[in-house]
Amino acid sequence: MLLLLGLSLGLRLCAGSLEAARPQDDTSEQSGLRGPRQVRLLQRLKTKPLMTEFWVKSTIISRYAFTTVSCRMLNRASEDQEIEFQMQIPAAAFITNFTMLIGSKVYQGEITQRDKKSGDKVKEKRNKTSEDNGEKGTEMFRASVVIPSKDKAAFLLSYEELLRRRLGKYEHVISVRPQQLVGRLTVEVNVLERSGITALEVLPLQRSRQRGSVRGEDDSGPPPSTVINQNDTFAKIIFKPTVVQQAKIAQNGILGDFIVRYDVNREQSIGDIQVLNGYFVHYFAPKDLPPLPKNVVFVLDSSASMVGTKLRQTKDALFTILHDLRPQDHFNIIGFSNRIKVWQDHLVSVTPDNVRDGKVYIHHMSPSGGTDINGALQTAIRLLNDYVAHNDVGDRSVSLIIFLTDGKPTVGETHTLKILNNTKEAARGQICIFTIGIGDDVDFKLLERLSLENCGLTRHVPEEEDAGAQLIGFYDEIRTPLLSDIRVDYPPAAVERVTRTLFPNYFNGSEIVVAGKLAHRSVDRLHVEVTASNSRKFLVLKADVPAQAPDADEGGAGAPNPLQRLWSYLRTRELLGAWRHSHDESQREQLGRQAQALAVAASFLTPLTALHLRAEELQAPQGVSAAAGPEPVMQSLRGAGPQPGNLAWRRLTHEKIVHRKHPVNVFSVFSVLFLTGPAVDGDPHFVVDFPLSNLTVCFTIDGQPGDILRLISDHEGSGLTVNGELVGAPAPPGGHKRQRTYFRTITILVNKPERSYLEITPSRVILDGGDRLVLPCNQSTVVGSRGLQVSVSARANVTVTIQGTVTFVILIHLYKKPAAYQRDHLGFYIASSEGLSRSCHGLLGQFLNRDATLTREPAGLGEASATALQVRGHRVPVVWKQRRIYNGEEQVDCWFAKNSAAQLIDGAYEDYLAAHPFDSGTAFGPGHPGAPTPRPEWGHA
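Since this is a predicted model, take the numbers as computed values, not measurements.

**Some words on the overall build of the protein chain**
- On a plain count of helices and strands, the protein chain comes out with 12 helices and 51 strands.
- Here the protein chain, with 941 residues, has 58% of them falling under the buried criterion.
- Long-range contacts, defined here as pairs at least 24 residues apart, represent 71% of the contacts in the protein chain between residues at least 6 apart.
- Just so you have it, the protein chain exposes about 38100 Å², and 48% of that area is on carbon and sulfur atoms.

**Some thoughts on the nonpolar core**
- Judged by nonpolar contacts, the single largest core of 56 residues is most densely connected at Ile-746, Ile-748, Phe-808, Ile-810 and Phe-828.
- Ala-93, Ala-143, Ile-174 and Ile-197 belong to the second-largest nonpolar core, a separate cluster that totals 53 residues.

**Some thoughts on unusual backbone geometry**
- With an omega of -5°, the peptide bond between Lys-752 and Pro-753 qualifies as cis.
- In this structure, Pro-753 sits in the loop between strand 39 (739-750) and strand 40 (756-760).
- One non-glycine residue, Arg-428, adopts positive backbone phi at about 55°.
- Mapped onto the elements of the fold, Arg-428 is located in the loop between helix 6 (416-427) and strand 26 (432-438).
- Given the relative accessible area of 53%, Arg-428 is considered exposed.

**Here's the deal with the packing of aromatic side chains**
- Here the structure, examined in full by the defined rule, presents 19 aromatic pairs.
- When the ring of Phe-808 is compared with that of Phe-828, the centres are 5.1 Å apart and the planes differ by 45°; the resulting orientation is tilted. Here the residue Phe-808 occupies a position in strand 46 (residues 806-813), and Phe-828 occupies one in strand 47 (residues 825-832), the gap between them amounting to 20 residues.
- In textbook terms, an aromatic cluster arises when at least three aromatic residues are bridged by ring pairs, as seen for Tyr-64, Phe-66, Phe-94, Tyr-569 and Phe-604.

**A look at the pattern of salt bridges**
- Enumeration according to the criterion identifies 28 salt bridges in this entry.
- One salt bridge connects Asp-272 with Arg-63, and the closest N-O pair in it is separated by 3.5 Å. Taken together, the residues Asp-272 in strand 19 (residues 272-276) and Arg-63 in the loop between strand 4 (50-61) and strand 5 (64-74) connect sequence positions 209 residues apart. The same class applies to Asp-272 and to Arg-63, which are both buried.
- Across the salt bridge formed by Glu-453 and Arg-449, the nearest N and O atoms sit 3.4 Å from each other.
- Residue Glu-453 is classed as buried on the basis of its relative accessible area of 15%.
- Via salt bridges that share partners, Arg-63, Arg-165, Glu-193, Asp-263, Arg-266, Asp-272 and Glu-511 belong to a single interconnected network.

**Focus on helix 6**
- Over its 12 residues, helix 6 runs 17 Å from end to end, which matches the ideal 16 Å to within 8%, given 1.5 Å per residue.
- For helix 6, the complete set of buried residues consists of Ile-419, Leu-420, Thr-423, Ala-426 and Ala-427. All buried residues of helix 6 project into a common sector of 145° when viewed along the axis, lining one side.
- Looking at the buried side of helix 6, the elements it contacts are helix 5 (373-391), strand 26 and helix 7 (444-452).

**Comments concerning helix 10 (residues 585-602)**
- Taking 1.5 Å of rise per residue, the 18 residues of helix 10 would be expected to cover 26 Å, and the 26 Å separating its terminal C-alpha atoms lies within 8% of that figure.
- Where helix 10 is concerned, the buried positions are Leu-591, Gly-592, Ala-595, Gln-596, Leu-598, Ala-599 and Ala-602.
- Positive phi shows up at Ser-603, right after helix 10, with a value of about 60°.

**With respect to a positive patch on the surface**
- A cluster of basic residues, Lys-150, Lys-152, Lys-816 and Lys-817, forms a positive patch at the surface.
- Position of Lys-150 among the secondary structure elements: in the loop between strand 10 (138-147) and strand 11 (152-162).
- For Lys-150, a relative accessible area of 39% translates into the label partly exposed.

The rules behind the values
- Counting restarts for each chain: residues are numbered from 1 in the order of the written sequence.
- With pLDDT at 70 or above as the cut-off, local features in this predicted model cover only qualifying residues; side-chain atom pairs require 80 or more to be listed or tallied, and sums for whole chains, interfaces and linings still use all residues.
- Side-chain metrics rest on all non-hydrogen atoms present in the structure, leaving aside hydrogens and water.
- Per the convention used, a helix needs a DSSP run of H or I reaching at least four residues, while a strand needs a run of E reaching at least two, with both numbered from the N terminus.
- The cut-offs for exposure are 20% and 50% of the maximum accessible area for each residue type, with area from a 1.4 Å probe on protein chains only; residues under the lower value are buried, those over the upper are exposed, and the others partly exposed.
- Residue contacts follow a heavy-atom distance rule, with two residues in contact if any of their heavy atoms lie within 4.5 Å.
- Surface accessibility follows the Shrake-Rupley procedure with a 1.4 Å probe radius. Residue values consider only the protein chains on display as shielding.
- We define the nonpolar core as a collection of buried residues of types Ala, Val, Leu, Ile, Met, Phe, Trp, Tyr and Cys that are connected through side-chain atoms lying within 4.5 Å of one another.
- Two rings from Phe, Tyr or Trp (for Trp, the six-membered ring) form a pair when their centres are within 6.5 Å of each other. A pair whose planes differ by under 30 degrees is stacked, one over 60 is edge-to-face, and the rest are tilted.
- Salt-bridge detection follows one rule: a side-chain nitrogen of Lys or Arg within 4 Å of a carboxyl oxygen of Asp or Glu.
- Expected helix span is computed as 1.5 Å times (number of residues minus one).
- The arc refers to the directions leading from the helix axis to the C-beta atoms.
- Patches here are clusters of residues that have more than 30% relative accessible area and form no salt bridge, with a 9 Å joining cutoff for like charges and a 5 Å cutoff for nonpolar side chains (Val, Leu, Ile, Met, Phe, Trp, Tyr).
- For the purpose of counting charges, residues Lys and Arg are taken to be positive, whereas Asp and Glu are taken to be negative. His and the chain ends are not included.
- For the purpose of locating charges, the reference atoms are NZ of Lys, CZ of Arg, CG of Asp and CD of Glu.

Here it is in C-alpha cells:
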C-alpha cells in the first residue's frame, strides 16, 4: 500500500552515478558529532549534487538500439565540486556522443582521431571486456567535471549497439544505478520490428553487482510502475517509478538493470533480409534442423587458487552439463594445474556409465599447484584432432573446447603471444575454443584472444558471482550446434562493402548477421545463397528478395538510416578485431587507419578515436525563447538516434523531420528547486493507495500551527509511533486561504525491543538510543543502533528502517530564497509497512489494512450523477483529479475527497492531536480503548 504525506519531493543526482571526487574537510568535529560506542557509524559521505532528473530512452529498430541517457543536477555545496560522471553501458555498445551543460556553457562532444590534442578531452575509461565477440557484460564510461557552487549542470550520453540473440531472445539491458532516490526517473524503450514481435517480456530489476545493495519485493514480473503497450510490430515500455516506489526497491536509490527481452517472427528459411536507402541487412537464424554431434573436451583449472567455492560450483555445473550431453556426442575431461591430468586417453561416447565415471573423476579433483594453460590447451586439441582423424566425422560434427580458469599462466609456456600462436597453429581453424575467466586475477585478454582467434566466445565471471551458474548459462548457448561451415553469398556485382560472410558454426537460439551496401540503387531484386553442413547433408538455400523497400527514399536525405548505422557498427567491430590481433605491423597499421576513419565518420568512440569537448556559450537560437535551451546541441545529438513514430519507414522519416522542426527539449531551463507547484496549497496533502481495488485517493487536512498530528499509532502492536508537528506561514497573495501549514518536525518513537527516539527537522536528526547522537542534514551519513538504521542523504531525505520490516522516507524541502509563505519543511512517506500490526491507526496508519470501493450517487432533478467512495462504513463524495506532488514535478491521478477529510477518517481532527512530540498515546481503532467516535459532521479546522 502506498501512503504519501507532504507536498514536494526532493530531487536527486544522475545517470550511472555522479560521485564527488574531491575530498572535503570533515566537519564532524565542528558540528559536535560524536559516535557513542553502541552506535555503529557505517558510512559518511560529502554533500552530493542534487539530481533533478534521470531519463533514458532507447529506440530499437531491427535489433539495432539507439540509447540516450540524460540527467540534470545541482551542486548544493558552498564550494566548487569536481564530479565524476559514471554510466555503465553494454560491452558491445559504441558511445556516439557525450555533451554537458554547466551553468551557461555547453560542452559539446566530438569524436575525432585519437592523436588529435586540441579541445577538452573526456577522461574515458573502460573496464576489461570482450568487445570483439559481444561478451555479456558492461563497461564503465567516466568523465570528470567541475561544477561551480550552487550552479546547475546537465549531461547527455548516447550509445548504440546491435542486440545479440541468445537462447532464442534478444536482450536489451539499461543500467539504472543513480545511487540516490530520484525525483523524476524514467526509462522508455521503443521496439520496432518489421517482421513482427513475439515473446516480449520485461524482467524484474536485476540486482547490482555489489551484493546486498538492491532488494526487490517480487522475483517475477516487470518492476513496479512499468507500462507495456504492444501491437504486432511495435512495442513501447515505460518504467517510471515514484520516489516511494524506488525506496521500496532500494532505500539507497541503487536499482539495477532494466531488461527487455523479445524475439521476432521467422518465416523464411533463407532468413530475414531488410533493405533501406541502398543498405541491406541479412538476419539468418534457421530452425527445425537436427543438431550436429559435438566432440567436446572440458578443460578445468584445478590449481591452488581454485580452492573452495569456485571449484565446488564448477564441479556442480559440470555434473549438470554431463547429463545434458546427447547420445551422439563424444567427450573427455582434463584437469590442469602444473600437471595435465587427462581422464581418458581418447574421447568417449555419451553413455550412462561414461557419464557416471566422468562425474566421479570430476568429484575427486583437488586444487594444487600452478597454472599450465598452454599445456592444457595443446592436450585438448590433440585429443580432438586424433578423434576426428580416426573417425572421419569432420563435416558432420562440431569440435569444441570449453576452457575454464581463474588465473594467469604460471607453469610451462607463459608468454602470451607464444600461447596464442601455439593454439592457433594446432587448432588449424577446425576447433572452436570457448573460454570462461573467473575473478579479478584471470588474464582475460589472453582468454579473449584465444576465443576470438579460434571461432569461439568468452565470458568473464566476476569474483562475487556464481561460477557454476555462469558456466551452465554459457554452455546453454552452445549446447545445440545446428550448422557448421556456413557461407553466405551475394552476386559480387550487386553488392559492395559486405561484412563477414563465413561462419564456422551456428548454434540454436543464436543469429548470424550480415550487412552491406547495394552497388546500384536501381537493382530490384537481390539473389542470396547460403551453404552449410549439418548432420545429414550439405545444405544449400537460395532465394531472390526485393532490393528496394517501399517508401524507403521518401522523407528527405536528412532522415536517419538505421541499416546504415548497423552496417557501420558491424564493419567497425570487424576492423577493430582484425587490428587488435594482427601480428603483421604493416597490415595492422592499414587496418587501424580503416577502422579509425570509419569510426570517426560514424561518431563511434573506440580505442582509435577520442571524445573531445568543445565549449560554447549558451545562446538561444533565433526564433526560440531562452527557455528552450541549447537546441543546436540537441539537434546534433539526435541526428544519430531515430525517433520512430509508426511502423512504416515512411512514417519514421517523416517523424524525424518533424522532430528536427520541434525538437524535444531535454535541456529545458532549470526551475527553482523545492518550489511548491501552483496546483497545491502547501498544507499537508495525503495520497493513499488502495492496491486491492486499484484506487488512489487524495485528501487535505487543514491544521493549526503548533498542532502535533498522530500519523502512525502502533504503540501496542509493533511498538511504533510517528508524530508530526505543524508550522504555519501566510497564504500566497490572492489565495482563498488565510494561512499555509507544513510539517517542520517528525518524531518516531520505538519501544520494541528497546526504547529509542528519533527527532527529524530540515536541519538535523537526533537519535536517542541510550546515547544521544546528532546528525546534521547537510552531510550524508548512515548509522545503526538497536535494530534501527538511519540513512541521511545530504539536504535531500532521511530513510529510517526499523528491524528491517518498516521503512519510512522523510523528504527534506529547503528554500534558497523563501517567499513569505514558504517554510523549510518535511514530507513523510511509508515505503514499507510489513512490520506494522493490523491494529495500527493514526492519520496514515488507519488506511494500511483497508480497502475501498466506488459507487455512483443517484442524480437529482437537473443534476449530474456524483461519485462516492466507501471506506469501512464511511461514504465520501469524490471527484477525479490530477494533483501535483513532488515540488510540482509529478502528477498523481486520484479520486479527491473534496472540501475536507471529515468523512474519510475515523473520528475528528482533534482525535489525532498529540500532547507533545513524544506522546505515544494509545493504539486506537475499532475495539480499542480510547477509539475516536466517528463525527461525519466535522469540517475544516
